[in-house]
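# Examination of the molecular architecture
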2 protein chains.
Amino acid sequence: MLNKKVNEPLSDDAIVEKFNSYLKERGKRRTPERYEILNHVLAFRKQFTVDDLKQTMDNGHFRVSQATLYYTMDLLVEADILRRLSTGTNAVAFERVDNVRHIHLLCQECGKVKLVKDQNFMAYMNALRFPAFTASYYNLTVYGICNDCARRIKRLQREAKKATNQ
Amino acid sequence: MLNKKVNEPLSDDAIVEKFNSYLKERGKRRTPERYEILNHVLAFRKQFTVDDLKQTMDNGHFRVSQATLYYTMDLLVEADILRRLSTGTNAVAFERVDNVRHIHLLCQECGKVKLVKDQNFMAYMNALRFPAFTASYYNLTVYGICNDCARRIKRLQREAKKATNQ
DNA sequence: TTTACTGCAAATATTTTGCAATATC
DNA sequence: GATATTGCAAAATATTTGCAGTAAA
């Protein structure tokens, strides 16, 4: 059964509180690094890589070691705040778990991801059950091409044809 | 608009032919390595990594260099035969483009992926349209836990509790 | 014969790990 | 004070690249 909470995205504050509880319950320490990382993570609207995160933290003048970043990502995944995924590049990407409420439109040309909502789809997924499997989240990624890239490619093709004819 | 062909998975032979045409059209060479790689690729029912592929090829006693493997994966993706994706680990995974006809059930404990069919979902997706975006494929991954793992975890918890009480 | 392709080895990129110093509880 | 956590640097893993030899067209 899909967890009800998935369908009600938490506020940033609630997520911080969730992390708080997670750390307490497991006897893990609540260090400034962890909360600073979480703050920066929550500022991302879309998926991001560890490298993206590192850069925004450096810009914010809060230096954290690579090792800590990676370790904290594990915690955030385990705490059910982030989910690991990928855009098909080398680096693993992360996104907030509650992004599942959106359909991901991934342009295969420019790599950009657009998030769109579809209430019918959400309702459909919430009702869906599977044999011998308990679902908690889902991710629907649609691969294709965005209009900007489609236009650009058409233009390039026209120009290439022109050049050949001359 | 979702490409009609997506809904009619090609036979292995047809895919080889598709690769053939792709290579010819682009003036690329039809080398034994490329066809041998494609044959091994088609033997995978589910997603696989370059490393998986390398191992099965080594087992099949057909040695291909790493560089060639990676390069050929690019070709197969470009030829619209494979799609890049990820199970959330470091290595990029690939799967046949026509696997989109299935819902992916990914167990977050053991990492295994089960493919299930859902005709309603397929019909729904085929009708779906997006603003400023032309879709060609989609991937629905459901994250959760398979019954085997769920049972194993419950058992471990019971045993842990017992041990504490004693 | 031309040049795309392959394999090798080295270079990059990404992530993980061992360990000493530090900070939380 | 005990020990989980951090940062550093090195190791491990994954992927890309330069180049010389080979083979497809």
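A brief look at the structure comes next. (Residues numbered from 1 in each chain as written. Chains lettered and ligands numbered in written order. Predicted model: local features only at pLDDT ≥ 70, side-chain atom pairs only at ≥ 80, totals over all residues. Heavy atoms only, no water.)

Attention now goes to the overall build of chain A. Regarding its fold elements, chain A presents six helices and six strands. Helices (α) and strands (β) of chain A occur, in sequence order from the N terminus, as α-α-β-α-α-β-β-β-β-α-β-α. By sequence separation, contacts in chain A at least 24 residues apart represent 55% of the contacts at least 6 residues apart. Working note: accessible area of chain A is about 9500 Å², and carbon and sulfur atoms make up 49% of it. (Helix = DSSP H or I, 4+ residues; strand = E, 2+ residues; numbered from the N terminus. Contact = heavy atoms within 4.5 Å. Areas by Shrake-Rupley, 256 points an atom, 1.4 Å probe, with all protein chains shown as cover.)

Below, the discussion takes up the protein's contact with DNA strand C. Residues in close proximity to DNA strand C total 21 residues, the closest being A:Tyr70, A:Val92, B:Arg29, B:Arg34 and B:Arg63. Considering DNA strand C, the proportion of its atoms within 4 Å of the protein that are sugar or phosphate atoms stands at 71%. Residue A:Val92 places a main-chain N or O atom 2.8 Å away from a phosphate oxygen belonging to DNA strand C. Broken down by secondary-structure element, the contributors of at least two residues to the surface near DNA strand C are helix 4 (66–78) of chain A together with helix 2 (32–43) and helix 4 (66–78) of chain B. Tallied by class, residues from the surface near DNA strand C come to eight nonpolar, six polar and seven charged. (Near = heavy atom within 4 Å. Polar contact = N/O pair within 3.5 Å; in protein donor to acceptor, adjacent residues only side chain to side chain. Nonpolar A, V, L, I, M, F, W, Y, C, P; charged D, E, K, R; others polar.)

Residues and elements named next belong to chain B. The buried fraction of strand 4 (residues 102–107) is high, at six of six residues. With five bridges connecting them, strand 4 and strand 5 (residues 113–117) associate as antiparallel partners. Considered in strand 5, the bridge of His-104 is made with Leu-115. Hairpin connection of strand 4 to strand 5: five residues between the antiparallel strands, including Gly-111 at a positive phi of 80°. (Buried < 20%, exposed > 50% of the residue type's maximum accessible area, 1.4 Å probe, protein only. Pairing = 2+ DSSP bridges.)

Our focus in this paragraph is the protein's contact with DNA strand D. If you check the shell around DNA strand D, you find 20 residues, and the closest are A:Arg29, A:Arg34, A:Arg63, A:Thr68 and B:Tyr70. If you look at DNA strand D and keep only atoms within 4 Å of the protein, 68% of those are sugar or phosphate atoms. B:Val92 is positioned with one of its backbone polar atoms (N or O) 2.9 Å from a phosphate oxygen of DNA strand D. Those elements giving two or more residues to the surface near DNA strand D turn out to be helix 2 (32–43) and helix 4 of chain A together with helix 4 of chain B. Residue classes in the surface near DNA strand D are distributed as eight nonpolar, five polar and seven charged.

So, about the pattern of salt bridges. Two side chains with opposite charge may pair up if their charged atoms get near one another. All names here are of chain B. The final tally for this structure, using the stated rule, is seven salt bridges over all chains. The closest approach of N and O atoms between Glu-95 and Arg-83, which form a salt bridge, is 2.6 Å. On the criterion of sequence distance, the pair formed by Glu-95 in strand 3 (residues 93–96) and Arg-83 in strand 2 (residues 82–85) is long-range, its members being 12 residues apart. Like Arg-83, Glu-95 is buried. (Salt bridge = Lys/Arg side-chain N within 4 Å of Asp/Glu carboxyl O.)

Let us look at the sheet that holds strand 3 (residues 93–96) of chain A. Residue and element names in this part refer to chain A. On the basis of which strands lie adjacent, the open sheet formed by three strands has the order 1-3-2 and antiparallel pairing. Of all the strands in the sheet, just strand 1 (48–49) and strand 2 (82–85) have a single pairing partner and so form its edges. Here strand 1 pairs with strand 3 via two bridges, running antiparallel. Counted as the bridge partner of Thr-49 is Ala-93 from strand 3. Packed on one face of the sheet, helix 4 meets strand 1, strand 2 and strand 3 and runs near 110° to strand 2. (Axes fitted to C-alpha atoms, helices over the stretch in contact; angles between N-to-C directions.)

It is worth spelling out the sheet that holds strand 4 of chain B at this point. Sheet strands line up and pair through hydrogen bonds in the backbone, either parallel or antiparallel. One open sheet accounts for six strands, arranged 5(A)-4(A)-6(A)-6(B)-4(B)-5(B); its pairing is mixed. Single-partner strands in this sheet number two, and they are strand 5 (113–117) of chain A together with strand 5 of chain B. Going across the sheet, the axis of each strand differs from the next one's by a mean of 30°, ignoring polarity. As paired strands, strand 6 (residues 133–146) of chain A and strand 6 (residues 133–146) of chain B are joined by 13 bridges and run antiparallel to one another. Note on strand 6 of chain B: the bridge partner recorded for A:Ala135 is B:Gly144.

Our focus in this paragraph is the packing of helix 1 (residues 12–25) of chain B against helix 4 of chain B. Each packed pair of helices is defined by two parameters, the angle between the axes and the distance between the axes. All names here are of chain B. Direction vectors running N to C along helix 1 and helix 4 enclose 100°, while the axes themselves pass 10 Å from each other. In terms of orientation, helix 1 and helix 4 fall into the roughly perpendicular class. Together, Phe-19, Tyr-22 and Leu-23 of helix 1 and Leu-75, Leu-76 and Glu-78 of helix 4 make up the contact between the two elements. (Parallel < 35°, antiparallel > 145°, perpendicular 65-115°, else oblique.)

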